[in-house]
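Notes for the structure review
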Amino acid sequence: MTASGTFSPRPGAAPLPRMIRAQAALETRMLLRNGEQLLLTVVIPALVLVLFGTVDIVDTGKGEAVDFLAPGVLALAVLSTAFTGQAIATGFERRYGVLKRLGVSPLPRWALMTAKTCSVLVTEVLQVALLVAIALGLGWSPHGNPAAVALLLLLGTAAFSGLGLLMAGTLRAEATLAAANLVFLLLLVGGGVMVPLDKFPDAAHSVLQLLPISALSDGLRDVLRDGAGMPWADLGILAVWAVLGLGAAARFFRWE
Amino acid sequence: MITGGRFLALPPRPVPALRRLPGMREEPAVEVVGLVKRYGTKTAVDGLDLSVARGTVTAVLGPNGAGKTTTIETCEGYRRPDAGRVRVLGLDPIADAARLRPRIGVMLQSGGVYAGARAEEMLRHTAALHAHPLDVDMLIERFGLGSCGRTTYRRLSGGQQQRLAMAMAVVGRPELVFLDEPTAGLDPQARRATWDLVRDLRDDGVTVVLTTHHMDEAEQLSDDVAIIDGGTVIAQGSPEELCRGGAENTLRFTGRPALDLRSLLKALPSDSAAAELTPGSYRISGTVDPQLLATVTSWCAQNGVMPDRISVERHTLEDVFLELTGKELRS
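What counts and what doesn't
Residues numbered from 1 in each chain as written. Chains lettered and ligands numbered in written order. Predicted model: local features only at pLDDT ≥ 70, side-chain atom pairs only at ≥ 80, totals over all residues. Helix = DSSP H or I, 4+ residues; strand = E, 2+ residues; numbered from the N terminus. Contact = placed C-beta atoms within 7 Å. UniProt positions renumbered as here; feature names shortened; annotations may be inferred. Nonpolar A, V, L, I, M, F, W, Y, C, P; charged D, E, K, R; others polar. Pairing = 2+ DSSP bridges. Axes fitted to C-alpha atoms, helices over the stretch in contact; angles between N-to-C directions. Buried ≥ 20, exposed ≤ 12 C-beta atoms within 10 Å, placed from the backbone. Core = buried A, V, L, I, M, F, W, Y, C linked by C-beta atoms within 7 Å. Parallel < 35°, antiparallel > 145°, perpendicular 65-115°, else oblique. Expected span 1.5 Å × (residues − 1).

Next up on the list: the overall build of chain A. When you go through chain A residue by residue, the secondary structure sums to 10 helices and zero strands. In terms of its C-alpha atoms, chain A occupies a principal-axis envelope of roughly 80 × 35 × 30 Å. A separation threshold of at least 6 residues defines the contact pool for chain A, and within that pool the share at least 24 residues apart is 83%.

Turning our attention to the UniProt feature "domain: ABC transmembrane type-2" (unreviewed entry) in chain A. Under the feature "domain: ABC transmembrane type-2" (unreviewed entry), the UniProt entry names residues 32–256 of chain A. Secondary structure within residues 32–256 of chain A divides into 76% helix and 0% strand; the distance between the first and last C-alpha atoms comes to 25 Å.

With that out of the way, let us pick up the interface of chain B and chain A. Where the parts come together, the accessible area they lose is often given as the size of the interface. Facing the 40 residues of chain B at the interface are 33 residues of chain A. Those elements that provide at least two residues to the side of chain B that touches chain A are strand E5 (104–107), helix H3 (119–128) and helix H6 (188–203) of chain B. The element that contributes the greatest number of residues to the side of chain B that touches chain A is H6 of chain B, accounting for four residues. Looking at the side of chain B that touches chain A residue by residue, the class counts come to 19 nonpolar, 11 polar and 10 charged.

This paragraph deals with the UniProt feature "transmembrane region" (unreviewed entry) in chain A. All names here are of chain A. What UniProt calls "transmembrane region" (unreviewed entry) maps, in this numbering, to residues 38–58, 70–92, 118–141, 147–168, 175–197 and 232–253. Taken as a whole, residues 118–141 contains 83% helix and 0% strand, while its terminal C-alpha atoms sit 29 Å from one another. Note that residues 232–253 is 95% helix and 0% strand, and that its end C-alpha atoms are spaced 30 Å apart.

The next subject is the sheet that holds strand E4 (residues 83–88) of chain B. Residue and element names in this part refer to chain B. Taking strand neighbours across the sheet as the criterion, the three strands line up as E2-E1-E4 in an open arrangement whose pairing is antiparallel. If you trace the sheet from one side to the other, it starts and ends with strand E2 (42–52) and E4, each paired once. Sheet twist, expressed as the mean angle between neighbouring strand axes with direction ignored, is 25°. As paired strands, strand E1 (residues 30–39) and E2 are joined by eight bridges and run antiparallel to one another. Pairing of glutamate 31 across the sheet is with serine 51, part of E2. In the packing of helix H1 (residues 68–75) onto the sheet, the strands contacted are E1, E2 and E4, and the crossing angle to E1 comes to about 120°.

Here we take up the environment of leucine 177 of chain A. Residue and element names in this part refer to chain A. Take leucine 177: it is sitting in helix H7 (residues 173–190). Note on leucine 177: 19 C-beta atoms within 10 Å, which makes it partly exposed. The sequence separation of leucine 177 and phenylalanine 92 amounts to 85 residues, and the corresponding C-alpha distance is 8.7 Å. Aside from chain neighbours lying at most four places away, what touches leucine 177 is Ile88 and Gly91.

For the rest of this paragraph, the subject is the nonpolar core. One finds Leu123 and Ala167 of chain B to be the most contacted residues of the largest nonpolar core, which totals 86 residues. Among the elements that make up this core, the one with the highest residue count is helix H5 (residues 158–170) of chain B (seven residues). Core analysis: the next-biggest nonpolar cluster, separate from the first, contains 56 residues, Leu40, Leu155, Leu216 and Ile237 of chain A among them.

Residues and elements named next belong to chain A. At a minimum axis distance of 8 Å, the contact between helix H3 (residues 65–95) and H7 shows a crossing angle of 170°. By the angle between their directions, the pair H3 and H7 is classed as roughly antiparallel. Note on element contacts: H7 touches H3 through Ala173, Thr176, Leu177, Ala180, Asn181, Phe184, Leu187 and Leu188, opposite Leu76, Leu79, Ser80, Phe83, Thr84, Ala87, Ile88, Gly91, Phe92, Arg94 and Arg95. Looking at side-chain class alone, the contact of H3 with H7 contains 12 nonpolar, five polar and two charged residues.

Now for H1 of chain B. Residues and elements named next belong to chain B. Burial within H1 is extensive, with eight of its eight residues counted as buried. Three or more residues of H1 are buried, namely Lys68, Thr69, Thr70, Thr71, Ile72, Glu73, Thr74 and Cys75. A positive phi of about 95° marks glycine 77, the residue just after H1.

All names here are of chain B. We note that glutamate 181 has phi near 50°; this positive angle belongs to a residue other than glycine. In this fold, glutamate 181 is placed in the loop between strand E6 (176–180) and H6. Given 22 C-beta atoms within 10 Å, glutamate 181 falls into the buried group. Its identity is not glycine, yet alanine 258 carries a phi of approximately 60°, on the positive side. Checked against the element boundaries, alanine 258 lands in the loop between strand E10 (249–254) and helix H9 (261–267). Given 8 C-beta atoms within a 10 Å radius, alanine 258 is considered exposed.

Moving on: helix H5 (residues 109–137) of chain A. Residues and elements named next belong to chain A. Counted at 1.5 Å a residue, the expected span for H5 with its 29 residues is 42 Å, and the 42 Å between its end C-alpha atoms agrees. Leu112, Ala115, Lys116, Ser119, Val120, Thr123, Glu124, Gln127, Leu131 and Ala135 are the residues of H5 that are buried. Where H5 is buried, its residues meet helix H1 (16–33), helix H2 (35–54), H3, helix H4 (98–102) and helix H6 (146–170). Phi turns positive, to about 95°, at glycine 139, one or two residues after H5.

Right, here's the structure in full:
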C-alpha cells in the first residue's frame, strides 16, 4: 500500500476561544436534548409557578401569591440547572469516560469547566426568560435593582455548581442521580421556594435560612418583591457556600 | 483557513511518511524505562521497559490483566508512575501534558462519548478542538459511519462505537496514536477494515501503539511486538524475530492417544522436542526438514499409527507466547 498523505501528521490545538465555544455549545445541546433534564429545569419550575400562582393551595403570606412565588421559582431554576442538572450530567460523563477522553484532548481542564459554566448560564438565561414571561402573564410586578438580582443569580450559580460538581466528582453516577433529585425535592419544599420559611418552627427556620437555596430565594424576594437594595446577608451566605463548594470540588473531584 | 491574518503563522507541512532507516538515530516515539505502577497492594506494572520507534506500528500483546492498559494509560498521562521514567514524543506525559495532548490521539478501551451525542456531531466536535483537523466527511466515509451519523452514541452498535472512537483518535492529525484494543468485539470484516486503517496511518507516517490479545492481529499488523505478562515485557521484537527465537518449525499430527514418544525422540535429532498437547494431538518441534518428516512417518508405521492431519507449520506468536509464559493467551 502506498502513502496517500491523508493522515499525515499535522497536530495542534485549536485556539482556546474556539475550543471553549465549541465545548459550551455541545454541553448546552446535550442538556437541552435530555428530556429528564428539561422536566427538572423547565417543566417543574413553570408548573410550580402556574399551579401555586393561580390556585390558593399554599398560604404564601401577605400580598399576591405570584409576587412571593416568582422570586422563589427563579431560585429553583438556578438550583435545577447549576446543581441538579449539572451534577447528574457530569456524574454520567464521568461514568462513561467522557471526562477521561476529554482529559487527553487539547482542551485544558479549566477550559472544560469554563465551558460547562457557560452552558449553565445560557440555560439559566433561557429559563429566566420563560419564567419571567409566565410570571408577568400571571400579574407579577417586580421591583428593585436589576444588578442585585444578577449578582444573586450569579453567586447562587457558583454555590450550586460547586456543590453539584462535588457530588458528581465523588459519588457513583447512580448515587449522584438519586441524591441530586432528592436534594432538589427537599430544597423545593424546605428552601423558601413555595413555602415561606416562617411557616416552619423557629429552630428549623434559623437553620433552613442558612441553606443556599433559602439565601437565594430570600434575597431575590427582598429585592424583587420588597424593593430592597443589596441583600448583603444573603449574598454573604451564598458567597460562603460558593467558596466551600467550589473549593471542595476542586480538591476532591475525581475525573475517572 | 485564512482568517484574521493567522495564515502567516501556519506551520510548514511535515515531510510525509519518513520511514525509519537502519542506523538512523532518532528519539523514540515512546520510551518507558523501569515503569512500576501499583494499585494498593497489587502491582499492575512491575519494572517494564518499552521502546517504540517513530513511524512504526507496535503491538502490546498480552492476556487480560497483564498490565497493557496501565502501561498505555501511563503514556497517555492518566497514571502517575510509582517508579521509572516515561517519555512520549520526548515529553513527560504528566508534567508536559498541555504540550503533549494536541500531538497524540487516544482511543480508550470503551466509552468517551456523551450518551446523547450523535456520531457525526461528536466527531465534528473533536475536530473543532484541533488546529488542522482531517476532513470530517472523508473520515465518516472511511470509517463507515455514514449510515449512523445522526444516531446517538447510546444507540450505536458496539462496532460503530469502536469505529467512532478510532475516528476521534485520528481526526486531529496526531503524530502518535494509542489504540486500546481497537478490534475488541468486531466481526472479522470490520477487523480487517480496522487493520487497513492502521496500515494507512503507518504509511502516512503516524506512529501507532495498539494493545491486543489477538496473536494474528499482532502478527499481521505490527512492525514490533512487545509481549507483556505479569507487568513486564517478556519479549520484544518483530513478529519474525520473535518466531525465530523459538524452534524453527513445528510438525503436528493426530493419532491414537498416549503414544510412547520416548522411542520417537531417540530417533530424532537432539534439538527436537515432542509433546502430546491434548490426547491424540502431537507436536514435534525442532528443525523440521524432509529427513525429520520421514523419521516421524516411519516411526508411525512401526507403531501402527495413521498420522492424520499431519502438517508442518511456521512457528506462530501463539507458540512463542505459550513457550514464554506457559499459558494460553486468551484464557
